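Coordinate analysis (summary)
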Amino acid sequence: MRKNFGPKTWLYPMPVLILATYNEDGTANAMNAAWGGIYDYNKITVSLGEHKTTENFERTKAFTVSFADAANVKECDYVGIVSGSKVQDKVARCGWTTSKSEFVNAPIINELPMTLECVVDSFENGTLIGSIVNVSIDEKFLGEDGLPDVRKVNPIIYDSVHHFYIALGEPVGKAFEDGKAIK
């Protein structure tokens, strides 16, 4: 028997995304956003309300998206519960350092393993759509094949039912391969 809950924002897995932009004074700002994903081949979409981050990317037309990881849970949660309008140096308070993206006018948070560097395509009705210009990753998170290794990145997901952050686990199958066994 199934139990009904009505409409909820329950979706598994829900990535924990850290959006970073530059403030007017050039300092880095970051926020935690869970309602996002790939929109098209080189596009990302994130559902946002009005934030300091939205003011920033509307001005700069750029942002970065880093994957929150298990090593930075406290810091990633902090940038989600503290407003950049009230705490200008919240990235520094996390102990994070940043580098300027080579491709867009936005900061890369050095402590987070993997970053999508994006330009704003549109921001309407709280929905951000951006073009991914580059993906950068700290080389220590690459596998033997020279590509990102999700186990090394150790991204976290958000459990919107119980309000937990959960690290992803081990592979359980091979995409575009395992289904071939069913004839």
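Description of the structure in this document. Please read these numbers as outputs of a predicted model, since none were measured by experiment. (Residues numbered from 1 in each chain as written. Predicted model: local features only at pLDDT ≥ 70, side-chain atom pairs only at ≥ 80, totals over all residues. Heavy atoms only, no water.)

**A few points about the overall build of the protein**
Counting its secondary structure elements, the protein contains four helices and eleven strands. Compactness check: the protein gives a C-alpha radius of gyration of 17 Å against a globular reference of 16 Å for 183 residues, within 12% of the reference. Structurally, the protein occupies a C-alpha span of about 60 × 45 × 30 Å along its principal axes. Out of the 183 residues in the protein, the part that is buried amounts to 40%. Excluding contacts between residues fewer than 6 apart, the proportion of contacts in the protein whose partners are at least 24 apart in sequence is 55%. Element-wise, carbon and sulfur atoms account for 55% of the exposed surface of the protein, whose accessible area totals about 11000 Å². Looking at the protein, you have 18 positive and 24 negative side-chain charges, and the mean spots of the two groups are 6 Å apart. (Helix = DSSP H or I, 4+ residues; strand = E, 2+ residues; numbered from the N terminus. Rg over C-alpha atoms; globule rule 2.2 N^0.38 Å. Buried < 20%, exposed > 50% of the residue type's maximum accessible area, 1.4 Å probe, protein only. Contact = heavy atoms within 4.5 Å. Areas by Shrake-Rupley, 256 points an atom, 1.4 Å probe, with all protein chains shown as cover. Lys, Arg positive; Asp, Glu negative; His and termini not counted. Charge placed at Lys NZ, Arg CZ, Asp CG, Glu CD.)

**Describing the environment of Thr115**
The residue Thr115 is located in strand β8 (residues 114-124) in this model. Taking the C-alpha atoms as reference, Thr115 lies 17 Å from Met14; in sequence the two are 101 residues apart. Excluding residues that lie within four positions of it along the chain, Thr115 makes contacts with Thr64, Val65, Ser66, Ile108, Asn134, Val135 and Ser136. Among the polar contacts made by the side chain of Thr115, one reaches the side chain of Ser66 at a distance of 2.9 Å. (Polar contact = N/O pair within 3.5 Å; in protein donor to acceptor, adjacent residues only side chain to side chain.)

**What about the sheet that holds strand β2 (residues 28-33)?**
One open sheet holds the seven strands; their spatial order is β2-β1-β5-β8-β9-β4-β3, and the pairing between them is antiparallel. On the outer flanks of this sheet lie β2 and β3 (36-40), each paired with one strand and no other. Pairs of neighbouring strands in the sheet enclose a mean axial angle of 35 degrees, with direction left out of account. The pairing of strand β4 (residues 43-47) with strand β9 (residues 127-137) spans five bridges and is classified as antiparallel. Bridge pairing in β9 links Val46 to Leu128. On the sheet, helix α1 (residues 52-60) packs against β1 (17-22), β2, β5 (62-67), β8 and β9 and is oriented at approximately 55 degrees with respect to β1. Contacting β1 and β2, helix α2 (residues 73-81) crosses the sheet at an angle of about 95 degrees to β2. (Pairing = 2+ DSSP bridges. Axes fitted to C-alpha atoms, helices over the stretch in contact; angles between N-to-C directions.)

**A closer look at the pattern of salt bridges**
If you walk through the whole model with that rule in mind, you get six salt bridges. Lys43 is the partner of Asp121 in a salt bridge, and the nearest nitrogen-oxygen pair spans 2.7 Å. Of this pair, Asp121 sits in strand β8 while Lys43 sits in strand β4, placing them 78 residues apart in sequence. Asp121 gets classed as partly exposed once you look at its relative accessible area, which sits at 37%. Ionic pairing is found between Arg151 and Asp149, a salt bridge with its closest N-O pair at 3.3 Å. Ionic contacts of the salt-bridge type, sharing partners, join the residues Glu24, Lys52 and Glu55 into one network. (Salt bridge = Lys/Arg side-chain N within 4 Å of Asp/Glu carboxyl O.)

**As for the nonpolar core**
Within the largest apolar cluster, 17 residues are counted, with the highest numbers of intra-cluster contacts made by Ile18, Trp96 and Ile109. Sorting the residues of this core by element identifies β1, β2, α2 and β10 (156-159) as the ones contributing at least two each. What Ile18 contacts, discounting residues up to four positions off in sequence, is Ala30, Met31, Asn32, Thr64, Val65, Ser66, Ala68, Cys76, Val79, Trp96, Ile109 and Leu112. By size, the runner-up hydrophobic cluster in this structure holds 16 residues, among which are Met31, Val46, Phe63 and Leu128. (Core = buried A, V, L, I, M, F, W, Y, C linked by side-chain atoms within 4.5 Å.)

**Considerations on the state of the cysteines**
For the coordinates displayed, the defined rule picks out zero disulfides. Left without a disulfide partner, Cys118 is nearest to the cysteine sulfur of Cys76, which lies 17 Å away. (Disulfide = S-S within 2.5 Å.)

**Some thoughts on the environment of Ala71**
On the secondary structure map, Ala71 appears in the loop between β5 and α2. A relative accessible area of 65% places Ala71 in the exposed class. In this structure, the C-alpha to C-alpha distance between Ala71 and Ile156, residues 85 residues apart in sequence, is 9.5 Å.

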